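Structural features, examined
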Amino acid sequence: MFTLLPSFTDIMNTSITGMQTRFAGLDVVSNNLANINTTAYKSSRSNFQEILDATTKLEKGTILQSTQHNMKEGTFVESDSPLHLAIQGTGFFAVTMPDKTKAYTRDGTFSLDANRQIVTDKGYPLVWSGQIPNTAEKVEIDENGLVTVLQNGTWTNVGQIQLNKFPNPGGLIATGNNLFTASAASGVVQTANPGANNLGWILPRMKEVSNVNLGLEMTNAIITQRNFQLQLRTFQTTDTMLSQAIALRR
Amino acid sequence: MIKGMYAAASAMIAGMKRQSALAHNVANLDTPGFRQILLAMDDWYVTPVRQNSQTMMPQMDVNHMSQLGYVGLGSQTSPEITDFSQGGMKASDNELDFAINGTGFFRVKTSDGERYTRDGRFLRDANNQLVTVNGYQVLNTNGQVITLPEGAVRIDESGNISGTNGVQVAQIGLAAFKDPNTELTRDGMNTFAAKGAPTDNNPGTVQQGYLEMSNVNLTRVVATGRAYEAAQRMVQMADETTGKMLSSLSR
């Protein structure tokens, strides 16, 4: 049977794809490990995929096909602030970015800024229907997203926080600072009150813990590093073969 | 003597082909569902070795020669075969990760037609369809694309998909082949193309929340390099011997 013969460069490139993907894989693992204490952080994994030459079907090694977010819900811990909100379910809070576009987050550690806006720890205002009055002494938010304030001894309802969800939350683009933006892969956002459409409920005075699994990530770090060494070893073997071919004529 | 040189050179060429497959296997060590390439070395053509029976009368006539036996002309790699043995199972956090316990393949729809894969890293796309990491749609038992219900999904061992209300919406299609090495060809992106329809009715079961790891075996990483080195030395020795013959003949 006739088979195409790969060149030494082809074989070396195959090992180089192996090394490059492991470099990227280590970045993903490091980022997960760095965010083990980040509120509502979603871990990522590297999806390596086999590649062949499109026409010759010669072996070409591997590529990093995608990094995939694990959207699994983290556990919850209690918090003192009435503005610390967690979401039990698949929803996201919407926040307004400085360029007026919307971003989405599950990190609900909000606070009030000088303008009495509900903002994230980076100062991005939460999207909701209402305003905290200047005279408000206390703010409480319930599991349905209703915002009530205490003024002169009476509680009044001042607005509603809605939640957002996507057909494929794994397709959201992480833009840093625990924020995501919608993409073609995530699908169109659906916005509704908590409790509707499997969106989930708001848990007031709660924080969602990062879903990074320390044991798993440490294992991944070791495996990825070892795999890198193996790619390098294979590369070196090919290199030795190449030198031997060159040394045929002494 | 020259035969020996070509024999050793053929071993070097076969060694390169082998190293290429090996590098590819190693690069895909942690690609879920990847099936390793095996390359066996075959004896190549053989040729008879003869001795002239009438030593005093050097005639180059085959009839006056006695046959001593055969000498091999080297080695070649036999056609690539794929090792379709089962890889290890790894538990995963993702409800849309699947592994097949058995010999079957997931059926996926690519722009080039239906393909088969053991790689069960699936996702929900923007239209709620079940797709692979490459965006290929996963097919049900009737060869149709699968649309998932909203919310959490549960898939039983037969591949039946049901939503949170327990209503079955589809069944993941599996295909199996009696002799995958003759019926399937490697087509990239962890898929295989089939020459005909599936020939086996027993594809196995589906495990939700698991990924099947690659079945790459690392024990031969060193051996290929050494075999290549040995072949290279043989070429050099054949060359040296030829050189000596030439220099003594010229005296």
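Conventions we followed
- Residues numbered from 1 in each chain as written.
- Chains lettered and ligands numbered in written order.
- Predicted model: local features only at pLDDT ≥ 70, side-chain atom pairs only at ≥ 80, totals over all residues.
- Helix = DSSP H or I, 4+ residues; strand = E, 2+ residues; numbered from the N terminus.
- Buried ≥ 20, exposed ≤ 12 C-beta atoms within 10 Å, placed from the backbone.
- Contact = placed C-beta atoms within 7 Å.
- Expected span 1.5 Å × (residues − 1).
- Domains from an automatic or database assignment.
- Nonpolar A, V, L, I, M, F, W, Y, C, P; charged D, E, K, R; others polar.
- Pairing = 2+ DSSP bridges.
- Axes fitted to C-alpha atoms, helices over the stretch in contact; angles between N-to-C directions.
- Parallel < 35°, antiparallel > 145°, perpendicular 65-115°, else oblique.
- Left-handed = near helix turned anticlockwise from the far one by under 90°.
- pLDDT = per-residue confidence, 0-100.
- Core = buried A, V, L, I, M, F, W, Y, C linked by C-beta atoms within 7 Å.

This next bit is on the overall build of chain B. Counting secondary structure elements, chain B contains three helices and 21 strands. Here chain B holds 251 residues, and the buried ones make up 38% of them. Within chain B, contacts between residues at least 6 apart in sequence are counted, and of these 66% link residues at least 24 apart.

Further remarks concern helix α1 (residues 8-34) of chain A. Taking 1.5 Å as the rise per residue, α1 of chain A with 27 residues should run 39 Å; its terminal C-alpha atoms sit 39 Å apart, in good agreement. Taken together, the buried positions of α1 of chain A are occupied by Asp10, Ile11, Thr14, Ser15, Thr17, Gly18, Thr21, Arg22, Gly25, Val28, Val29 and Asn32 of chain A. Summarising the contacts, the buried residues of α1 of chain A are in contact with β1 (44-52), β2 (59-69) and α2 (214-246) of chain A together with α1 (2-27) of chain B.

In this section: the domain arrangement of chain A. All names here are of chain A. As far as domains go, chain A holds domain 1 (8-70 + 211-249) and domain 2 (76-208). On the domain 2 side, the residues contacting the six residues of domain 1 number eight residues. Residue composition of the side of domain 1 that touches domain 2, grouped by class: two nonpolar, four polar and no charged.

Facing the 42 residues of chain B at the interface are 45 residues of chain A. Listing elements by their share of the side of chain B that touches chain A, those giving two or more residues are α1, β11 (122-124) and α3 (221-249) of chain B. Element by element, the count of residues in the side of chain B that touches chain A is highest for α1 of chain B, at twelve residues. Classifying every residue of the side of chain B that touches chain A gives 17 nonpolar, 16 polar and nine charged.

Below, the discussion takes up the sheet that holds strand β4 (residues 84-88) of chain A. All names here are of chain A. The strand order across the open sheet formed by three strands is β7-β4-β18, and the pairing between neighbours is antiparallel. Each having just a single partner strand, β7 (108-109) and β18 (201-204) make up the two edges of the open sheet. Pairing between β4 and β18: four bridges, direction antiparallel. Bridge pairing links Ile87 to Ile202 in β18.

So, on to the environment of Arg115 of chain B. Residues and elements named next belong to chain B. Tracing the backbone through its elements, the reader meets Arg115 in strand β10 (residues 113-117). Taking the C-beta count within 10 Å as the criterion, Arg115 has 24 such neighbours and is therefore assigned buried. Through-space distance from the C-alpha of Arg115 to that of Gly143 is 11 Å; in sequence the pair is 28 residues apart. Among residues more than four places away in sequence, those in contact with Arg115 are Val108, Thr110, Asp187, Thr191, Phe192 and Ala193.

Moving on to the packing of α1 of chain A against α2 of chain A. Residue and element names in this part refer to chain A. The interhelical angle for the contact between α1 and α2, taken along N-to-C directions, is 165°, at an axis separation of 9 Å. With respect to their mutual orientation, α1 and α2 come out roughly antiparallel. Between α1 and α2 the crossing geometry is left-handed. For the contact of α1 with α2, the per-class residue count stands at twelve nonpolar, eleven polar and two charged.

Within chain B, residue pLDDT values average 87, and 86% of them lie at 70 or more. Two summary scores accompany this predicted model of the complex, namely pTM at 0.87 and ipTM at 0.87.

Turning to the pairing of strand β11 (residues 138-141) of chain A, a few remarks are in order. All names here are of chain A. Looking at chain direction, β11 and strand β12 (residues 146-151) are connected through four bridges and run antiparallel. Considered in β12, the bridge of Val139 is made with Val149. What sits between the antiparallel neighbours β11 and β12 is a turn of four residues, in which Gly145 has the positive phi angle 85°.

Turning to the packing of α2 of chain A against α1 of chain B, a few remarks are in order. Taken N-terminus to C-terminus, the directions of α2 of chain A and α1 of chain B make an angle of 165°; their axes are 10 Å apart at the nearest point. When the axis of α2 of chain A is compared with that of α1 of chain B, the two are roughly antiparallel. Here α2 of chain A and α1 of chain B pass one another in a crossing that is left-handed. Note on element contacts: α1 of chain B touches α2 of chain A through Gly15, Gln19, Leu22, Ala23, Val26 and Ala27 of chain B, opposite Leu230, Gln231, Thr234, Thr237, Thr238 and Met241 of chain A. Considered class by class, the residues forming the contact of α2 of chain A with α1 of chain B number six nonpolar, six polar and no charged.

Residue and element names in this part refer to chain B. Sheet architecture is open: three strands sit in the order β14-β15-β16, paired in antiparallel fashion. The strands lining the two open edges of the sheet, one partner per strand, are β14 (154-155) and β16 (168-171). Judged from the two bridges that link them, β14 and strand β15 (residues 160-162) form a sheet pairing that is antiparallel. Counterpart to Arg154 in the pairing with β15 is Ser162.

We now examine the nonpolar core. In terms of nonpolar packing, the biggest core is built from 29 residues, with Phe122, Val138 and Ile172 of chain B touching the most fellow members. Residue contacts for Ile172 of chain B: discarding those within four places in its chain leaves Phe106, Val138, Asn140, Ile155, Gly159, Ile161 and Val206 of chain B.

Residues and elements named next belong to chain B. As paired elements, β15 and β16 share three bridges and run antiparallel to each other. The residue bridging Asn160 from the neighbouring strand is Gln171, located in β16. Between the antiparallel neighbours β15 and β16 lie five residues, among them Gly166 with a positive phi of about 80°.

Before going further, it helps to spend a moment on the environment of Gln137 of chain B. Residues and elements named next belong to chain B. If you trace the backbone, Gln137 turns up in strand β13 (residues 137-138). In this structure, the C-alpha to C-alpha distance between Gln137 and Arg124, residues 13 residues apart in sequence, is 9.8 Å. Each residue touching Gln137, except ones within four places of it in the same chain, is listed here: Val108, Lys109, Gln129, Val131 and Val145.

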